[in-house]
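Structural characterization, general
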Amino acid sequence: MSEPGADSRPAVADALAALEGGGCIVYPTETVYGLGVDASSASALGALLQLKGRDEGKGMSLLVTGLTAAAELVAGAIPPAALRLTASFWPGPLTVVLPAASHLDCRLLGPGGGIGLRCSSDPLAAELARAFGRPITSTSANPAGRRPAAAPAAAREYFGHRVAVYLDGGSRSGGSQSTVVEFSRGRTYLRRSGEIDAGALSALVKVEV
């Protein structure tokens with residue numbers, strides 16, 4: 001995985017400016033490329049849904065810097081099972097779904113009213129999250145029903161000039177996406193298998209498939 005060097009800084013600055021202006025960016029994660037907008041902007045979220053051709057009600061994950069940032073987006077305390085998993089797998093390819101704070105846009109929430117949170121180990125994604133200071137969407141870079149982009153060129157084929165900035169972190173394997181685990185009413189559910197397998201999760205918490 002490539003480390004951000006000095007020549008990455010202008011691209012990151014451009015991406016931050018695009019986010020501030022309500023635009024959409026493509027950026028690398030440790031699994032596939034993601035589509036990012038300012039999650040606090042209603043108009044940016046609407047444009048993102050249109051770009052992906054995705055219906056409301058399915059939810060969109062958010063990129064965060066860690067547990068402190070995540071806690072601001074969650075209703076109530078983060079449950080102990082979620083703390084155990086994030087302690088082991090954040091930063092990394094784990095998305096946790098927790099009851100959402102009331103101030104979040106309802107279009108971000110999944111069918112059960114939860115918000116997906118992800119702390120990426122990719123250096124460019126981590127730099128973006130730190131520098132922007134607000135949650136950034138972390139939905140995969142593909143139109144609905146298409147394969148997630150594993151390289152900037154693939155994302156460009158999908159979206160062209162409709163995306164303001166493409167951050168290039170090199171090619172990804174194009175294999176698994178992040179593992180998604182939902183915490184609801186004292187229970188833990190595996191919602192999507194991914195880079196972290198069920199066995200690794202079950203070694204730490206009781207997971208229902």
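Residues numbered from 1 in each chain as written. Predicted model: local features only at pLDDT ≥ 70, side-chain atom pairs only at ≥ 80, totals over all residues. Heavy atoms only, no water.

Turning our attention to the overall build of the protein. Helix and strand counts for the protein stand at 7 helices and 10 strands. Radius of gyration (C-alpha) of the protein: 16 Å, near the 17 Å computed for a compact globule of 209 residues. Overall, the C-alpha framework of the protein stretches about 45 × 35 × 30 Å when taken along its three principal axes. Residues classed as buried in the protein amount to 54% of the 209 residues present. Across the protein, the fraction of contacts at a sequence separation of at least 24, relative to all contacts at a separation of at least 6, is 64%. A total accessible area of about 9400 Å² is found for the protein, and carbon and sulfur atoms account for 50% of it. In the protein, which carries 19 positive and 18 negative side-chain charges, the distance between the mean positions of the two groups comes to 7 Å. (Helix = DSSP H or I, 4+ residues; strand = E, 2+ residues; numbered from the N terminus. Rg over C-alpha atoms; globule rule 2.2 N^0.38 Å. Buried < 20%, exposed > 50% of the residue type's maximum accessible area, 1.4 Å probe, protein only. Contact = heavy atoms within 4.5 Å. Areas by Shrake-Rupley, 256 points an atom, 1.4 Å probe, with all protein chains shown as cover. Lys, Arg positive; Asp, Glu negative; His and termini not counted. Charge placed at Lys NZ, Arg CZ, Asp CG, Glu CD.)

This model, assessed by the stated rule, comprises 7 salt bridges. Residue Asp38 is joined to Arg134 by a salt bridge in which the shortest nitrogen-to-oxygen separation is 3.1 Å. On the criterion of sequence distance, the pair formed by Asp38 in the loop between β2 (33–36) and α2 (42–52) and Arg134 in the loop between α5 (123–132) and β6 (136–137) is long-range, its members being 96 residues apart. Accessibility expressed as a relative area gives 30% for Arg134, which makes it partly exposed. With a shortest N-O distance of 2.8 Å, Glu208 and Arg187 are connected by a salt bridge. In this pair, Glu208 sits in the segment after α7 (198–202) while Arg187 sits in strand β10 (residues 187–192), placing the two residues 21 residues apart along the sequence. Where salt bridges share partners, they join Glu20, Asp38 and Arg134 into one cluster. (Salt bridge = Lys/Arg side-chain N within 4 Å of Asp/Glu carboxyl O.)

Every buried residue belonging to helix α6 (residues 152–159) is among Pro152, Ala155, Tyr158 and Phe159, and all of these are buried. All buried residues of α6 project into a common sector of 115 degrees when viewed along the axis, lining one side. Here the buried face of α6 lies against β1 (25–28), β2, α2 and β8 (165–166). Residue Gly160 follows α6 closely and has a positive phi angle near 55 degrees. (Arc of directions from axis to C-beta.)

On to the state of the cysteines, then. Note on terminology: disulfide describes a covalent bond linking the sulfur atoms of two cysteines. One pass over the full model with this rule turns up 0 disulfides. In this structure Cys106 is a free cysteine whose sulfur lies 19 Å from that of Cys24, the closest cysteine sulfur available. Assessed through its relative accessible area of 58%, Cys106 is described here as exposed. (Disulfide = S-S within 2.5 Å.)

Looking now at the pairing of β1. Burial along β1 is two-sided: the face carrying Ile25 and Tyr27 and the face carrying Val26 and Pro28 are both buried. Hairpin connection of β1 to β2: 4 residues between the antiparallel strands. Here 2 bridges tie β1 to β8, and the two strands are oriented parallel to one another. Bridge assignment links Val26 to a residue of β8, and that residue is Tyr166. (Pairing = 2+ DSSP bridges.)

Judged by its relative accessible area of 7%, Asp38 is buried. There is a polar contact of 2.6 Å between the side chain of Asp38 and the side chain of Ser40. The contacts of Asp38, once residues within four sequence positions are left out, are Leu19, Ala44, Leu45, Phe132, Arg134 and Pro135. (Polar contact = N/O pair within 3.5 Å; in protein donor to acceptor, adjacent residues only side chain to side chain.)

With respect to the helices and strands, Asn142 occurs in the loop between β7 (139–140) and α6. Within the local environment of Asn142, its side chain forms a polar contact with the side chain of Ser140, the two groups lying 2.5 Å apart.

In short, shape yes, function no, at least from these values alone.
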